[in-house]
Amino acid sequence: PKTISTTQIAEQTADHFTEVVTDAARACSNPASTNPPSFGILPPSISSLIRRKHIIRCIWQKQRNPTVKKILNKLTKEVQVALQNYRVSSYNKFLSNMHPGESNLWKETKRLLNQEINIIPPLRTDSNLVITDIDKCNVFSDILHLTFSHNHLGNLNNDSRVKLALEQPDYSVQKCIGYVTPNEVKKIIKNLPNKKAPGHDKITNLMFKKLPSKGFVLLSTLFNSLLRLGYFPVKWKIATIILIKKPGKDKTNPDSYRPISLLTSLSKIFEKVIHTRLLDYLNITDTIPKFQFGFKSNHSTVKQLLRITEHINSAFEMHCHTGAIFIDISKAFDKVWHEGLLFKLRNINTPTYLFNIIRSFLSNRQYSVRINDSASNLKSISAGVPQGSKLGPILFNLYVSDIPQSPRTQIALFADDTTIFTESRNIEAISTNLQDHLNTLSHWCQNWRIKINASKSIGVIFSLRRYTTPPQLKFDSENIPWQPTVKYLGVTLDKRLTWRPHISSKVQQAYQRISMLYPILNKNSTIQKKCSLLIFKQIIRPILTYACPVWGNCASSHNKKMQIVQNKVLRIIANAPWFVRNANLHKDFQIQDIKAHIKTLANNFHCSLPNSSGAIHYNLLTHPTHRRLKRGRPHDLLH
């Protein structure tokens, strides 16, 4: 159409564009091959040996002669040995032909690391055994329908206030719509990843990258009309959900699977357009608090960890204890109350066109569960920010942006990972301050229908001094347990910040990964040494050095454990005899030892801190001046 003046025309235009792209892709694609896959041909010697074995087996089946049986057993064993030797030689040849720049190296590595096949077996429910794919889809669909609904909490006064505010007309000054240009659409499509799974329309990102210039013009016209109308097309709001088993869980339990939402590429492109405009407005209004480090550019888990650990270290210097509560929010993203989110958007005077398009984006969303070729019926989503969407993370950050603060405590957020901490020389004061903040947080959670899992939340007292057992903390009459250690953002924090538990667990993980990669990472492997070294640098060493700018200045005995892992891998790669020194291996492979590598990573990390608004706000760039203790600090790695 020449003009898109109504939502009905916009819906028809979006459908027409999808059909045109689908038809063009089908016309340009080669038909799928109907021939069975070829697995290679066995060598003539093995083939003749197998034929001879078959002949002898037929003779034995007819005659039942013990002498023939002995010959058959001998031939069977020879066939097994020959096939095993052929498999080994073929695999060695496959490894020897690998090069660092080829995808085969990473495909084989991924195959070895992900040995568990994601096939859903028959499921056990309370009433029966679910066998067929369509029945499995329906079981998962029913479970997810409960997941994608808001918590049965709330405050009647707050609910009425939210409902009344959303019913009121918007009299605020209208801001100009940030219109979309074809170049902006082209840039968004260019940056889309090639290998992402498509949504229900089966249109991949690679198809959009083949669009001509007229396609970008049409998309920009459609997006501008949708922004003006405040409308998000219905079919763009349908998610196809596949299930991935959680590690270490029971395969037959439906609750052991994690849902992965597949959205259409068109919806993701339009979401990126909305995201850019919403983010610009939130940055101007400074809505997202500085203590939120999740889903923000130039912020990371390591920077949040540095902030918390430096606060603890500073308290150590002042003879203080630090008490912290690591709070577990139950299904945080799936339980966001839509009306509450829209109320908060209205409260910050979000431009009307953005408010309307986000309201349309959240409303009437649907999902379908897919297993193999079977799919469940569409069901509605009444709560939560869409998984896999571009807008979901920033909308969640906005939803929790007004989390209550206290003058006697501090708060740290990374998406839904919430930590409240405070320091004092008095354990009783720490417990009182934390409990007061928990009481305030409880009222806020009740208002905005957020559920805290108290049994999975953990309290820790960080201290170098002896202290009496702190009073029990409670959240809505449920006890929050005190623990000596806690795993936060992938790092194990112990109460004295010695880093021993963290490094021990990472060393164990590295050894487990080495054992999984044994087929390609062993002394007799035919893979090229530069490929083995690349696997170590990209897959094994990052496990050891994760968040090293925070803990890298730990005791030398801990660094030695990691250095031993690196030495062992290098000796395996080089097939080095016992008399070859590790220092020579490092020199030959041109690789730093662990300590030097940690210092390099720390320097790069600290060079990035000036670009982070959160790091600047919390003075993470400033080197500590008052140093009573001799223990290492992160900034010491820079000297």
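Everything numeric here is computed off the predicted structure, so don't read it as measured data.

Okay, the overall build of the protein next. Assigned secondary structure in the protein consists of 22 helices and 15 strands. With respect to the principal axes defined by its C-alpha atoms, the protein has extents near 95 × 75 × 55 Å. Out of the 639 residues in the protein, the part that is buried amounts to 46%. Partitioning the contacts of the protein with sequence separation of at least 6, the portion at a separation of at least 24 is 74%. Total accessible area on the protein stands at roughly 33,400 Å², and carbon and sulfur atoms take up 54% of it. A gap of 11 Å separates the mean positions of the 87 positive and 40 negative side-chain charges of the protein.

Let us now look at the nonpolar core. By size, the foremost hydrophobic cluster in this structure holds 79 residues, and its most contacted members are Ile 189, Phe 223, Trp 236, Phe 270, Ile 274 and Leu 395. Of all the elements, helix H10 (residues 265–285) adds the most residues to this core, at eight residues. Lining this core are residues from two domains, each supplying at least three of them: domain 2 (131–288 + 338–382) and domain 3 (305–330 + 405–494).

A word on the UniProt feature "domain: Reverse transcriptase" (unreviewed entry) in the protein. The feature "domain: Reverse transcriptase" (unreviewed entry), as annotated in UniProt, sits at residues 225–493 in this numbering. Taken end to end, residues 225–493 comprises 35% helix and 24% strand; its first and last C-alpha atoms sit 51 Å apart.

Looking now at the side chain of Ser 220. Within the fold, Ser 220 resides in helix H9 (residues 213–229). A polar contact of 2.7 Å, which involves the side chain of Ser 220, links it to the backbone oxygen of Val 217. Not counting the four nearest positions on each side in its chain, Ser 220 is found in contact with Val 180, Thr 181, Pro 182 and Val 185.

So, about the packing of aromatic side chains. Each aromatic ring pair is characterised by the separation of its centres together with the angle its planes make. Enumeration over the complete set of coordinates arrives at 17 aromatic pairs. Ring plane angle 85° and centroid distance 5.9 Å describe the contact between Phe 232 and Trp 236, whose orientation is recorded as edge-to-face. For the pair Phe 232 and Trp 236, a shared accessibility class is recorded, and that class is buried. Their ring planes at 70° and their centres at 6.0 Å tell us that Trp 236 and Phe 270 sit as a pair that is edge-to-face. One end of the pair, Trp 236, is in the loop between H9 and strand S3 (238–245); the other, Phe 270, is in helix H10, and 34 residues separate them in sequence. Here Trp 236 matches Phe 270 in class, with each residue buried. Among the aromatic side chains, those forming a connected cluster through ring pairs are Phe 223, Phe 232, Trp 236, Phe 270 and Phe 361. Sitting over the ring of Trp 60, Lys 69 keeps its end group 4.5 Å from the ring centre.

Tracing the backbone through its elements, the reader meets Pro 233 in the loop between H9 and S3. The buried category is assigned to Pro 233, whose relative accessible area is 0%. In this structure, the C-alpha to C-alpha distance between Pro 233 and Ser 360, residues 127 residues apart in sequence, is 8.5 Å. If near-sequence neighbours (up to four positions away) are discounted, Pro 233 is found in contact with Glu 11, Ala 14 and Leu 226.

Contact geometry of helix H1 (residues 7–28) with H9 gives a least axis separation of 10 Å together with a crossing angle of 150°. Classed by the angle they form, the pair H1 and H9 counts as roughly antiparallel. The handedness of the crossing between H1 and H9 comes out as left-handed. Contact with H1, carried on its side by Thr 7, Ala 10, Thr 13, Ala 14 and Phe 17, involves Gly 215, Leu 218, Leu 219, Leu 222, Leu 226 and Leu 229 of H9 and no other residues of that element.

What follows is about the sheet that holds strand S9 (residues 410–414). Two orientations exist for strands paired in a sheet by backbone hydrogen bonds: parallel and antiparallel. Taken in spatial order, the four strands make up an open sheet running S9-S10-S5-S11, and their pairing is antiparallel. In this open sheet, the two edge strands, each paired with only one partner strand, are S9 and strand S11 (458–462). Between one strand axis and the next, the sheet turns through 20° on average, direction left out of account. As defined by bridge partners, strand S5 (residues 321–327) adjoins S11 across five bridges and the pair is classed as antiparallel. If you follow Phe 326 over to S11, its bridge partner there is Ile 458. In the packing of helix H11 (residues 301–317) onto the sheet, the strands contacted are S5, S9, strand S10 (417–424) and S11, and the crossing angle to S9 comes to about 155°.

Further remarks concern the packing of helix H7 (residues 182–190) against H10. Two elements in contact, H7 and H10, have axes whose closest approach is 10 Å; the angle formed by their N-to-C orientations is 115°. In terms of their interaxial angle, H7 and H10 are classed as roughly perpendicular. Two packed elements cross with a definite hand, and for H7 against H10 that hand is right-handed. Contacts between H7 and H10 involve Glu 184, Ile 188 and Ile 189 from the former and Ile 269, Lys 272, Val 273 and Arg 277 from the latter.

Another aspect to go through is the pattern of salt bridges. Two side chains that carry opposite charge are able to pair once their charged atoms sit near each other. Applying the stated rule across the entire model yields 14 salt bridges. A salt bridge links Arg 277 to Glu 184; the shortest N-O distance between them is 2.9 Å. With a gap of 93 residues between them, Arg 277 in helix H10 and Glu 184 in helix H7 connect regions that are remote in the sequence. Comparing Arg 277 with Glu 184, the two get one shared label, buried. By sharing partners, the salt bridges in this structure join Glu 310, Glu 317, Arg 627, Arg 633 and Asp 636 into a single network.

The rules we used
Residues numbered from 1 in each chain as written. Predicted model: local features only at pLDDT ≥ 70, side-chain atom pairs only at ≥ 80, totals over all residues. Heavy atoms only, no water. Helix = DSSP H or I, 4+ residues; strand = E, 2+ residues; numbered from the N terminus. Buried < 20%, exposed > 50% of the residue type's maximum accessible area, 1.4 Å probe, protein only. Contact = heavy atoms within 4.5 Å. Areas by Shrake-Rupley, 256 points an atom, 1.4 Å probe, with all protein chains shown as cover. Lys, Arg positive; Asp, Glu negative; His and termini not counted. Charge placed at Lys NZ, Arg CZ, Asp CG, Glu CD. Core = buried A, V, L, I, M, F, W, Y, C linked by side-chain atoms within 4.5 Å. Domains from an automatic or database assignment. UniProt positions renumbered as here; feature names shortened; annotations may be inferred. Polar contact = N/O pair within 3.5 Å; in protein donor to acceptor, adjacent residues only side chain to side chain. Phe/Tyr/Trp six-rings, centres within 6.5 Å; stacked < 30°, edge-to-face > 60°. Lys NZ or Arg CZ within 6 Å of the ring centre and 35° of its normal. Axes fitted to C-alpha atoms, helices over the stretch in contact; angles between N-to-C directions. Parallel < 35°, antiparallel > 145°, perpendicular 65-115°, else oblique. Left-handed = near helix turned anticlockwise from the far one by under 90°. Pairing = 2+ DSSP bridges. Salt bridge = Lys/Arg side-chain N within 4 Å of Asp/Glu carboxyl O.

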